[in-house]
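Residue strings, one per chain:
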Amino acid sequence: NNFRNNNEVYIAYCFKRVSGLIGIGKYTGNGSADGPLIIPDDNGSGFKPSFFMSYRVTDNGYNWQIVDAARDPENPLGYNASANLNGTDGDGSGTYMDFTSNSVKIRTSSPQWNADGKVYIYLSFAASVFSLNNRAR
């Protein structure tokens, strides 16, 4: 595909891994409601997420999916939004994932999140910054 298609305008948001704060990586779906456990790749030991966005890079026609602890503070997380669509947020009736103390546990077989053998990329932000928790203030 030609990146500069029909004189469209593009926006790029760039992030890097920050230990205890930002995790970036990929995972492979297993197609089960008992989906993969994803420890955010932050060049550290992971963290409790407050925001998780993923995109299925295998095949075309999928949306950027977002869940967060602000709209959905308790597990399982069921509210979602699609970053690339103008529509409304999900209604909370889904069961997509759990945020654990240091990971994300996928809880759906939905092809948007967890199709068998399909690769997804993700961006995750921590609920609190681990590296600042033990510093003198």
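In this report, the structure presented in the accompanying data block is examined. Think of each chain on its own: its residues are numbered from 1, step by step along the sequence as written. Totals for whole chains, interfaces and linings use all residues, but because this is a predicted model, local features are given only for residues with pLDDT of at least 70 and pairs of side-chain atoms are given and counted only at 80 or more. Note that water and hydrogens are dropped before the side-chain values are worked out from all heavy atoms of the structure.

1. Details of the overall build of the chain
Thought 1: Numbering of helices and strands starts at the N terminus; helices are DSSP runs of H or I of at least 4 residues and strands are runs of E of at least 2. Each helix and strand in the chain was counted, giving two helices and eight strands.
Thought 2: N-terminal to C-terminal, the α/β element order of the chain is β-β-β-β-β-β-β-α-β-α.
Thought 3: Here the radius of gyration uses the C-alpha set of atoms, whereas the globule reference equals 2.2 Å times the residue count to the power 0.38. Computed over its C-alpha atoms, the radius of gyration of the chain comes to 16 Å, within 12% of the 14 Å expected for a compact globule of 137 residues.
Thought 4: On the principal axes, the C-alpha backbone points of the chain span a range of 55 × 35 × 30 Å.
Thought 5: Across the 137 residues in the chain, those meeting the buried criterion constitute 36%.
Thought 6: The contact definition used throughout considers only heavy atoms, calling two residues in contact when any of these lie within 4.5 Å. A fraction of 60% describes how many contacts in the chain between residues 6 or more apart in sequence connect residues 24 or more apart.
Thought 7: In the structure as shown, the chain presents an accessible area of about 8,300 Å², 49% of it carried by carbon and sulfur atoms.
Thought 8: For the chain, the separation between the mean place of its 12 positive charges and that of its 12 negative charges on side chains is 9 Å. Relative accessible area decides the class of each residue, using a 1.4 Å probe on protein chains only: under 20% of the type maximum gives buried, over 50% gives exposed, and in between gives partly exposed. Surface accessibility follows the Shrake-Rupley procedure with a 1.4 Å probe radius. Residue values consider only the protein chains on display as shielding. Counting rule applied: Lys, Arg positive; Asp, Glu negative; His and chain ends not counted. One atom stands in for each charge, and that atom is NZ of Lys, CZ of Arg, CG of Asp or CD of Glu.

2. Notes on the sheet that holds strand β6 (residues 97-99)
Thought 1: Taken in spatial order, the three strands make up an open sheet running β2-β7-β6, and their pairing is antiparallel. Pairing within the sheet leaves two strands with one partner each, and these edge strands are β2 (37-38) and β6.
Thought 2: Strands are treated as partners if at least two bridges between them are detected by DSSP. Direction of pairing for β2 relative to strand β7 (residues 104-106): antiparallel, over a ladder of two bridges. Residue pairing for β7: L37 is matched across the bridge by K105.

3. A closer look at the pattern of salt bridges
Thought 1: Note on definitions: salt bridges are taken to be side-chain nitrogens of Lys or Arg within 4 Å of carboxyl oxygens of Asp or Glu. The final tally for this structure, using the stated rule, is six salt bridges.
Thought 2: K105 is the partner of D34 in a salt bridge, and the nearest nitrogen-oxygen pair spans 2.7 Å. Of this pair, D34 sits in the loop between β1 (22-28) and β2 while K105 sits in strand β7, placing them 71 residues apart in sequence.
Thought 3: The partly exposed category is assigned to D34, whose relative accessible area is 47%.
Thought 4: The buried category is assigned to K105, whose relative accessible area is 13%.
Thought 5: Each of R56, D59 and K118 takes part in salt bridges that share partners, so that together they form one network.

4. With respect to a nonpolar patch on the surface
Thought 1: Without a salt bridge and with relative accessible area above 30%, a residue can belong to a patch; like charges are then joined within 9 Å and nonpolar side chains (Val, Leu, Ile, Met, Phe, Trp, Tyr) within 5 Å. Among the surface-exposed residues, I11, Y13 and F15 lie close enough to one another that they form a single nonpolar patch of about 400 Å² accessible area.
Thought 2: Secondary-structure assignment places I11 in the segment before β1.
Thought 3: For I11, a relative accessible area of 64% translates into the label exposed.

5. Considerations on the packing of aromatic side chains
Thought 1: The aromatic pairing rule takes the rings of Phe, Tyr and Trp, using the six-membered ring of Trp, and pairs them if the centres are within 6.5 Å, calling planes under 30 degrees apart stacked, those over 60 edge-to-face and the rest tilted. A complete count under the given rule lists nine aromatic pairs for this structure.
Thought 2: Here the aromatic rings of F52 and Y122 are separated by 5.5 Å at their centres, their planes lie at 20°, and the arrangement is stacked. Linking F52 in strand β3 (residues 49-56) with Y122 in strand β8 (residues 119-126), this pair joins segments that are 70 residues apart in sequence. Each of the two residues, F52 as well as Y122, counts as buried.
Thought 3: Pairwise contacts between aromatic rings join Y27, F52, Y96, W113, Y120 and Y122 into one cluster.

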